[in-house]
Amino acid sequence: MSRTIADIAIPDSRLASQAAELLRDHGDELLWNHSHRVFLFGALQGRQAGLAFDSELLYISALFHDLGLTKRYSSPDLRFEVDGANAARDFLRSHGVPEASVRLVWDAIALHTTIGIAQHKEPEVALIYSGVGYDVMGENFDALTTDIREQVTAAFPRDRFKQKILHAFLEGFKHKPETTFGNIKSDVCELLLPGYKRPSFCDCVLHSRWSE
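Below you will find a few notes about this structure.

## Details of the overall build of the protein
Then step 1. Within the protein one finds 10 helices and 2 strands.
Then step 2. In terms of overall size, the protein behaves like a compact globule, its C-alpha atoms giving a radius of gyration of 18 Å where 212 residues would be expected to give roughly 17 Å.
Then step 3. Projected onto its principal axes, the C-alpha coordinates of the protein cover approximately 65 × 40 × 35 Å.
Then step 4. Going through the 212 residues of the protein one by one, you find that 48% of them count as buried.

## Some details on the packing of helix α3 (residues 55-64) against helix α5 (residues 99-110)
Axes are the key here: two packed helices are described by the angle between their axes and the distance separating the axes.
Then step 1. Running from amino to carboxyl end, α3 crosses α5 at an angle of 45 degrees, the nearest separation of the two axes being 9 Å. As judged from the angle between their axes, α3 and α5 are oblique. Considering the relative orientation of α3 and α5, their crossing is right-handed. In this structure, α3 uses Leu57, Ser61 and Phe64 to contact α5, whose residues at the interface are Ser101, Leu104, Val105, Ala108 and Ile109.

## Observations regarding the pattern of salt bridges
Then step 1. In the structure shown here, the tally under the stated rule is 13 salt bridges.
Then step 2. Note that Glu29 and Arg24 form a salt bridge whose closest N and O atoms lie 3.1 Å from each other.
Then step 3. Relative accessible area serves as the criterion here: at 45%, Arg24 is assigned to the partly exposed category.
Then step 4. A salt bridge links Lys164 to Asp159; the nearest nitrogen and oxygen atoms lie 3.0 Å apart.
Then step 5. What makes Lys164 partly exposed here is its relative accessible area of 31%.
Then step 6. Each member of the salt-bridge network shares a partner with another, and the members are Arg37, Asp135 and Arg158.

## Observations concerning the packing of α3 against helix α6 (residues 123-137)
Then step 1. For the pair α3 and α6, the least separation of the axes is 10 Å and the interaxial angle reads 45 degrees. For the element pair α3 / α6, the angle class is oblique. The two elements α3 and α6 cross, and the hand of that crossing is right-handed. Of the residues in α6, those touching α3 at Leu58, Ser61 and Ala62 are Glu124, Leu127 and Ile128.
Then step 2. Here the residues of the contact of α3 with α6 sort into 4 nonpolar, 1 polar and 1 charged.

## Some remarks on helix α8 (residues 161-173)
Then step 1. Along its 13 residues, α8 runs 19 Å from first to last C-alpha, staying within 8% of the 18 Å computed at 1.5 Å per residue.
Then step 2. Within the span of α8, buried status applies to Phe161, Ile165, Phe169, Leu170, Gly172 and Phe173. Burial along α8 is one-sided: seen end-on, the buried residues are contained in an arc of 165 degrees.
Then step 3. Contact partners of the buried residues in α8: α2 (29-49), α4 (80-94), α6 and α9 (186-192).

Conventions used here
Residues numbered from 1 in each chain as written. Predicted model: local features only at pLDDT ≥ 70, side-chain atom pairs only at ≥ 80, totals over all residues. Heavy atoms only, no water. Helix = DSSP H or I, 4+ residues; strand = E, 2+ residues; numbered from the N terminus. Rg over C-alpha atoms; globule rule 2.2 N^0.38 Å. Buried < 20%, exposed > 50% of the residue type's maximum accessible area, 1.4 Å probe, protein only. Axes fitted to C-alpha atoms, helices over the stretch in contact; angles between N-to-C directions. Parallel < 35°, antiparallel > 145°, perpendicular 65-115°, else oblique. Left-handed = near helix turned anticlockwise from the far one by under 90°. Contact = heavy atoms within 4.5 Å. Salt bridge = Lys/Arg side-chain N within 4 Å of Asp/Glu carboxyl O. Nonpolar A, V, L, I, M, F, W, Y, C, P; charged D, E, K, R; others polar. Expected span 1.5 Å × (residues − 1). Arc of directions from axis to C-beta.

On their own, these measurements won't tell you what the molecule is for.
Written out as structure tokens, the structure reads:
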């Protein structure tokens with residue numbers, strides 16, 4: 001039977017269970033708990049807003065959204081969000097999932113840190129973004145009650161998440177800090193990566209090879 005937390009059922013189809021196994025195999029407890037909280041916080045906000053969404057696709061998106069940080073799925077030159085999205089795409093295609101659903105999951109994962117865009121797309125994409133924002137930065141914190149938050153964190157503990165997650169991010173892309181240019185993860189490199197100097201878009205424009 002599906003496990004239910006805060007009246008949200010965690011999908012337990014064969015597809016969802018195999019996706020969860022991949023996170024278990026290649027992630028760690030930090031990513032496992034975070035990914036499930038992202039699903040639950042996203043689903044809770046979606047239900048509160050009266051949105052219709054595919055719970056299985058939302059769950060799989062949440063499971064894969066940070067897998068690009070892991071050694072198994074990290075590429076040498078792509079943003080970690082794209083690595084996770086590509087991994088999910090390959091997984092879903094291998095199970096014969098329709099391309100429309102594959103594209104939806106790809107967007108949800110690839111855009112989950114893209115401020116100002118993801119929240120305007122399909123519900124599954126917007127809710128992964130909202131779930132991440134809620135768990136990582138406490139965005140719209142009072143949208144959910146203390147009781148609901150405690151039900152979620154009892155099932156999937158935070159365990160000093162605030163102190164651990166920035167270092168986990170850096171471990172996932174410290175070998176390719178250039179991929180954080182133009183996105184919020186450059187903040188992580190600037191804070192934690194010795195010698196890192198944030199690139200400037202203005203410098204790129206002013207020092208381009210164009211004469212004028």
